[in-house]
Amino acid sequence: MNLGRSIRINKCGVVILGLLFMCILYYLWSSNSANGATYAFSKNPNEINLRKLLIGSIQAAQHGGFEVVAVSKSRDLHEQSKGKTKEGANNPVTDADYRSNCVMKNGLLRIFPKLKVISEEDDRQEQCADVQLFDLDPTVLPEGVTVPDERVNIDEVDVWIDPLDATQEYTERLHEYVTTMVCVAVKGIPTIGIIHNPFTMKTVWAWRDKALPESLVNLKHDSDVKHPTIIVSRSHAGAVKEQSKQIFGENAQVITAGGAGFKVLQVIQNNATAYLHTTHIKKWDICAGDAILGAIGGKMSDLHNENIVYHRDTPALNPNGLLAAALSSTHEAYIKRIVESKRFVR
C-alpha cells in the first residue's frame, strides 16, 4: 500500500453532508419555534413573540384549570382565609389556587424566562413539586384564524394571571362561576386576554386589533340602553341593586354572580348589558376581561371614566370600581349617568 498517496475528497459526499447539516439546523430551529422552550435561536433575546405568548397564555389558563378540577375532586380543599374583603366577605384561598398558580406562572416562565408575571398567589414550593408544566402547542389556536407574528420589547410586557377567580364560589361548589385568567399588557394596555372555565372547558380569548376567534367575530350586541341588565358581585349585591335603580331607572334589572371573569363573560355573551363594580378590585381579576372587551369594540373603565393601567409599576389595586360593556356606546351612555350621579366619587 502506498501511504504517501494523497487522500482524494469526494466533493459529492461533502455536498451531501453539508445539506444534511443544514437540514439538522433547520429542524432544530423550527422545533424551537414551535415549542418556544428557549431563546437559543432568537435574533434578539430582549424581544418576545406575542403570537407565542398568546399560545402559551391559553395553555397556562387551561393547564391551571386542570389543577383546579383535580383539587375539586378531593375531600379537603385545604381552605384558608386571607382575611375579609372590604364588603366583609371571607376571602379564602385553597390548594387549587396555589397549584394552579404553580402551573400557570412557572409554565410561562419556563418558556419565557425574562417575562414579568404578576400573580394573585405567591408560589408555594411544596405545592409545586408534582405539577405538570407544558410546552407550546400551536394547535390550541383554532384552524382558520389568522394570528400574526409580532415581536415587542419584553420589558414592555407585563402578564397578569389569576389562577382561580371566584374562590369563594369554588369552595361552595358553584363551579359555573370559576375561571382561570391570563392577561398580556403591553405598555400598560390590556392587549391579550384569556378567560377559561375549567369545568366546562370553554376558553374565550382575544388579541386587541390583531386576532379574534370566530365565536367572538360573529357576536352581535344590542345597542338599546333603555332597559339595562346590570350584573354585580354577590358579595355586595344589596347596595348596588338600590344604586342601580337610582342611576339607571326603575327599568334596570340587577343580577348577581361570582367571579369577575364570569361577569365579563355574561356581558360578552349578551346575558347582561353591563358589569358594575362599585368598590376596589385587583387588576388580575379584570385585566383579561378588559383586553377581550377592548378587542370586540367594548370598553372597561373605572367609575371616574379613566382607563385602568396594567403596568408593573402601578398598584395591583384598582380603587375606583369599574363599569364594563360590550359596546363602547353603551359604556359611554352608562358612565355618563354614573359620573353625573356623583355616587362613587372618592
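Keep in mind that what you see is a predicted model, and the values were worked out from it rather than measured.

**Student:** Would you mind going over the confidence of the model for the protein with me for this structure?
**Tutor:** Should pLDDT be low for a region, the predicted coordinates there are not to be read in detail. Of all residues in the protein, 82% have pLDDT values of 70 or greater, and the mean over the chain is 86. Contacts for the low-pLDDT stretch residues 1-7, under 50 throughout, to residues beyond four places or in other chains number zero contacts. pLDDT under 50 marks residues 28-41. Its contacts with residues more than four places away, or in other chains, come to 22 contacts.

**Student:** Explanation requested: the state of the cysteines in the structure shown.
**Tutor:** By definition, a disulfide links the sulfur atoms of two cysteine residues through a covalent bond. Enumeration over the complete set of coordinates arrives at two disulfides. Put simply, Cys 102 and Cys 128 are joined by a disulfide, and their sulfur atoms are 1.9 Å apart. In this structure, the disulfide formed by Cys 102 and Cys 128 twists by about -70 degrees around the S-S bond and is classed as left-handed. Of the two residues, Cys 102 is situated in helix 3 (residues 95-111) and Cys 128 in helix 4 (residues 125-128); the sequence distance between them amounts to 26 residues. As far as the burial class goes, Cys 102 and Cys 128 line up, both buried. A sulfur-sulfur distance of 2.1 Å marks the disulfide that ties Cys 183 to Cys 287. The disulfide joining Cys 183 to Cys 287 has a torsion of about -45 degrees about its S-S bond and is therefore left-handed. Placement of the pair is Cys 183 in strand 7 (residues 179-186) and Cys 287 in helix 9 (residues 283-295), with a sequence separation of 104 residues. One exposure class covers both Cys 183 and Cys 287, and it is buried. Should the bonded cysteines of the protein be numbered as they appear in the sequence, the pairing reads 1-2, 3-4.

**Student:** Where do I start with the sheet that holds strand 10 (residues 229-233) in this structure?
**Tutor:** Two pairing modes exist for strands in a sheet, parallel and antiparallel, and in both the strands are linked by backbone hydrogen bonds. With mixed pairing, five strands are arranged side by side in an open sheet as 11-10-12-16-14. Each edge of the open sheet carries a strand with a single partner, namely strand 11 (253-257) and strand 14 (299-301). When the angles between neighbouring strand axes are averaged without regard to direction, this sheet yields 20 degrees. Sheet analysis places strand 10 next to strand 12 (residues 274-277), joined by two bridges and oriented parallel. When the sheet's bridge partners are listed, Ile 231 is paired in strand 12 with Tyr 275. Along the sheet, helix 9 makes contact with strand 14 and strand 16 (322-325), crossing strand 14 at roughly 140 degrees.

**Student:** What exactly am I supposed to notice about helix 8 (residues 260-268) here?
**Tutor:** Spacing of three or four residues puts side chains on the same side of an α-helix, whose turn is 3.6 residues. When you tally the buried positions in helix 8, you get nine out of nine residues, the bulk of the element. Where helix 8 is concerned, the buried positions are Ala 260, Gly 261, Phe 262, Lys 263, Val 264, Leu 265, Gln 266, Val 267 and Ile 268.

**Student:** Please clarify how the packing of helix 2 (residues 50-72) against helix 3 should be interpreted in this entry.
**Tutor:** Packed helices, taken two at a time, are described by the angle their axes make and the gap between the axes. Relative to each other, helix 2 and helix 3 sit at 155 degrees, their axes nearing to 8 Å. As summarised for this structure, helix 2 and helix 3 are arranged roughly antiparallel, according to the angle between their axes. Between helix 2 and helix 3 the crossing geometry is right-handed. Two secondary-structure elements touch here, helix 2 through Leu 53, Gly 56, Ser 57, Ala 60, Ala 61, His 63, Gly 64, Glu 67, Val 68 and Val 71 and helix 3 through Asp 95, Ala 96, Arg 99, Ser 100, Val 103, Met 104 and Leu 108.

**Student:** How should the pattern of salt bridges be read in this particular structure?
**Tutor:** Side chains that differ in charge, positive against negative, can pair when their charged atoms come close. One pass over the full model with this rule turns up seven salt bridges. A salt bridge links Glu 67 to Arg 99; its shortest N-O distance comes to 2.9 Å. You can see Glu 67 sitting in helix 2 and its partner Arg 99 sitting in helix 3, a full 32 residues away along the chain. The burial state of Glu 67 is the same as that of Arg 99; both residues are buried. Its salt-bridge partner being Glu 150, residue Lys 210 comes within 3.0 Å of it at the nearest N-O pair. Residue Lys 210 is found in the loop between strand 9 (202-207) and helix 6 (214-217), and its partner Glu 150 is found in the loop between helix 4 and strand 5 (151-153); the two are separated by 60 residues along the sequence. Judged by relative accessible area, which is 41%, Lys 210 ranks as partly exposed. Relative accessible area serves as the criterion here: at 25%, Glu 150 is assigned to the partly exposed category.

Rules behind the numbers
- Residues numbered from 1 in each chain as written.
- Predicted model: local features only at pLDDT ≥ 70, side-chain atom pairs only at ≥ 80, totals over all residues.
- Heavy atoms only, no water.
- pLDDT = per-residue confidence, 0-100.
- Contact = heavy atoms within 4.5 Å.
- Disulfide = S-S within 2.5 Å.
- Helix = DSSP H or I, 4+ residues; strand = E, 2+ residues; numbered from the N terminus.
- Buried < 20%, exposed > 50% of the residue type's maximum accessible area, 1.4 Å probe, protein only.
- Pairing = 2+ DSSP bridges.
- Axes fitted to C-alpha atoms, helices over the stretch in contact; angles between N-to-C directions.
- Parallel < 35°, antiparallel > 145°, perpendicular 65-115°, else oblique.
- Left-handed = near helix turned anticlockwise from the far one by under 90°.
- Salt bridge = Lys/Arg side-chain N within 4 Å of Asp/Glu carboxyl O.

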